[in-house]
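Coordinate analysis (summary)
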Amino acid sequence: MDYERQPYRRCGRSGLLLPAVSLGLWHNFGGGKPLDSQRTILHKALDLGITHFDIADRYGPPLGAAESTFGRILPRSLRDEVVVTTKGSNPMWDGPYGKGNSRKHLLATLDRSLERLGLDFVDIYYLHRDDPDTPLEEQMATLDHMVRTGRVLYVGVSNFSPERTAEAARLLRALGTPLLVHQPSYSLLNRGIEDSLLGVLEEQGVGCVVYSPLAQGLLTDRYLDGIPAGSRAAEGRFLTADRVTPEVLAFVRSLSELAEARGQTVAQLSLAWALRDPRITSVLVGASSPEQLEANVAAVDNLGFTHEELAAIDRAAKESGVAA
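Parameters and conventions
- Residues numbered from 1 in each chain as written.
- Predicted model: local features only at pLDDT ≥ 70, side-chain atom pairs only at ≥ 80, totals over all residues.
- Heavy atoms only, no water.
- Buried < 20%, exposed > 50% of the residue type's maximum accessible area, 1.4 Å probe, protein only.
- Helix = DSSP H or I, 4+ residues; strand = E, 2+ residues; numbered from the N terminus.
- Pairing = 2+ DSSP bridges.
- Right-handed = clockwise from strand over helix to strand, strands pointing away.
- Phe/Tyr/Trp six-rings, centres within 6.5 Å; stacked < 30°, edge-to-face > 60°.

Of the two faces of strand β10 (residues 282–285), both are covered, the one formed by S282 and L284 as well as the one formed by V283 and V285. When strand β3 (residues 21–24) meets β10, the two strands line up parallel, connected through 3 bridges. Along β10, the bridge assignment pairs V21 with V283. With 2 bridges connecting them, strand β9 (residues 207–210) and β10 associate as parallel partners. Paired with V210 across the strands is V283, a residue of β10.

Burial runs high along strand β8 (residues 179–183): 5 of the 5 residues are buried. Once you follow strand β7 (residues 152–158) into helix α5 (residues 162–175) and on to β8, the crossover reads as right-handed. Direction of pairing for β8 relative to β9: parallel, over a ladder of 2 bridges. Considered in β9, the bridge of H182 is made with C208. In this view, the connection linking β8 to its parallel neighbour β9 by way of helix α6 (residues 197–204) has right-handed handedness.

What follows concerns the packing of aromatic side chains. Each aromatic ring pair is characterised by the separation of its centres together with the angle its planes make. This model, assessed by the stated rule, comprises 4 aromatic pairs. Relative to Y8, the ring of Y3 lies with its centre 6.5 Å away and its plane at 55 degrees, an arrangement referred to as tilted. Note on Y3: relative accessible area 38%, which makes it partly exposed. Judged by relative accessible area, which is 25%, Y8 ranks as partly exposed. Geometrically, the ring pair formed by W26 and Y59 is stacked, given 6.4 Å between the ring centres and 25 degrees between the ring planes. Here the residue W26 occupies a position in the loop between β3 and α1 (35–47), and Y59 occupies one in the loop between β4 (52–54) and α2 (65–73), the gap between them amounting to 33 residues.

Written as structure tokens, this is what we have:
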């Protein structure tokens, strides 16, 4: 494991450090993928200094497959060198207790996650989303209970509103289990968290690990000439063709010119841009090959932006009509 390959950032006001680029197992770690190729990607991640692996109970297919795959290929000798996360809230089985953020569901699904992972505890447990039908007090008390029973080291939330995040942080602080991290979507095509969430996280001392920093592949070189065969947009896998608009393509082409001048790809520029804000702890990337992962981690080789470059990016967004 090369700890010098990339920088590590403190997660909020905690003592936990996370790599600038982390590996998400949303795609490419489900059933139907060759185990050897999945093992190769994981080992490459470790070689690149990626110590943080983001999973959820629902990631597959089938449900739970990503946890099972990771549990099979994680070298147990490295357990103390990695940060393993998973999430609850998702529909996982039929009946009234198979989803949501009730204490009943969350404790049951955590037990199932630990069994699939083959671990005694996870480092970070997230609520994947807020549950308006469960009192926030119950949700936070359940997270606190997970920590106190030793099955979880830190807790986080994902996709919570700024207001609910602030309240969750207050409730957890009163219980003695601080809110470590929030996981929202953030990219050059989705800048909504800049309006207020990042301010709340800074005020509360909460870290921020962002998912989809490449907008499901839109912020790469892949769509510069339209929708290629075999791509997510072509197959409608998490990215539909109607999102590949002329405005988006015009913006990505502008980014390509800026990236070339920086000696980067569009993907590397997009990841570096997300990391420009010190309130962002880490960006989550997926990988279908070791080469793709290595290319993404190379974004850390040029994280600095001039005022002129940032202004050019914002101007390109406005001119293309994709600015918020």
